[in-house]
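Summary of the model geometry
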Amino acid sequence: MYRPRARAAPEGRVRGCAVPSTMLLLLAYLAYLALGTGVFWTLEGRAAQDSSRSFQRDKWELLQNFTCLDRPALDSLIRDVVQAYKNGASLLSNTTSMGRWELVGSFFFSVSTITTIGYGNLSPNTMAARLFCIFFALVGIPLNLVVLNRLGHLMQQGVNHCASRLGGTWQDPDKARWLAGSGALLSGLLLFLLLPPLLFSHMEGWSYTEGFYFAFITLSTVGFGDYVIASCLISDTRKPNRDWQTLERTSKSSGGLLKYRFLAGHGGSHL
């Protein structure tokens, strides 16, 4: 029986539909960015202001307590400490060493580069290392995608195999596929998102919420760098003393560097 072929939609009508949908998508994208901007500004703006005021207050108190230290010298010290930390120097002992660029730190940087996480806590400073990083990433990122794709295929084959065996046992392929897929999803959540925070809490001293936050930021390859595992392994000592833990935790905020005031009050031998 002959059936008339459906006529293709006019090209102008297709373009007319595509343009409004693209504009709506862009508007939704900008609206989502505006929402994030407003929420983060509201939640973090006051904390940033408080941190800035605390920094200025601690700085003024330090200058008053140590009259031999003038403001330019203190500013220079702060800049040197920040720059040394960015360069990968470990400052948590009596001597300064490039502990973060030793074997463990270099491996950590290599992994964060090819996985595109880029925590930002460590970056190359020499031109030779920067040029090598470009070529290393150009090859390593596609290689990482190939490896992940292959692992994904293996996992899919495993799920299909389990579904086929369950379907043969239960004589219900749809239910078997659903059960196998649910089990794979639950296993992935437990293995990569729910259980790692417990390990982080034990090894790094974080709360479960902080560990969950780090796991999600890592899996999504956002990698802010505010939380980084193996921080003790990359520094000079496995467990720094209490004073230096205070310095390390607070040095990430704008007022944290002035915790040197606490150390100086205990002899200042670390400086």
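Predicted, not measured: the structure shown is a model, and the values here were computed from it. Numbering of residues starts from 1 in each chain and follows the order in which that chain's sequence is written. The predicted origin of the model limits local features to residues at a pLDDT of at least 70 and limits the giving and counting of side-chain atom pairs to 80 or more, whereas totals for whole chains, interfaces and linings rest on all residues. Side-chain numbers come from the whole structure's heavy atoms, not from hydrogens or water.

**Some points on the packing of aromatic side chains**
Here the distance between the centres and the angle between the planes together describe a pair of aromatic rings. Only Phe, Tyr and Trp rings are paired, with Trp represented by its six-membered ring, and only when their centres lie within 6.5 Å; those with planes under 30 degrees apart are stacked, over 60 edge-to-face, the remainder tilted. Scanning the entire structure with this criterion turns up eight aromatic pairs. Centre to centre, the rings of Trp-206 and Tyr-227 are 5.2 Å apart; their planes meet at 80 degrees, and the pair counts as edge-to-face. Taken as a pair, Trp-206 in the loop between helix H6 (196-204) and helix H7 (208-219) and Tyr-227 in the loop between H7 and helix H8 (231-234) lie far apart in primary sequence, 21 residues in all. Consider the rings of Tyr-213 and Tyr-227, whose centres lie 5.9 Å apart with planes at 75 degrees: the pair is edge-to-face. Here Tyr-213 is found in helix H7, whereas its partner Tyr-227 is found in the loop between H7 and H8, with 14 residues between them in sequence. Among the aromatic residues, those joined into a cluster by ring pairs are Phe-108, Tyr-119, Phe-200, Trp-206, Tyr-213, Phe-214 and Tyr-227. What counts as a helix is a DSSP run of H or I of at least four residues, what counts as a strand is a run of E of at least two, and both are numbered from the N terminus.

**Some remarks on the nonpolar core**
The set of buried Ala, Val, Leu, Ile, Met, Phe, Trp, Tyr and Cys residues whose side-chain atoms join them within 4.5 Å is what this entry labels a nonpolar core. Only protein chains enter the accessibility calculation, which uses a 1.4 Å probe; a residue whose area is less than 20% of its type maximum is buried, one above 50% is exposed, and one in between is partly exposed. Phe-108, Ile-117, Tyr-119, Leu-193, Phe-200, Trp-206, Phe-214, Ala-215 and Val-228 form the largest nonpolar core, which has nine residues in total. Not counting residues within four places of it along the chain, the set of residues in contact with Phe-214 comprises Tyr-119, Phe-200, Trp-206, Tyr-227, Val-228 and Ile-229. Of all hydrophobic cores here, the second largest spans five residues; its members include Phe-55, Leu-62, Leu-63 and Leu-74. Contacts are assigned to residue pairs that have any heavy atoms within 4.5 Å of one another.

Everything listed here is a matter of coordinates, which is why it stays silent on function.
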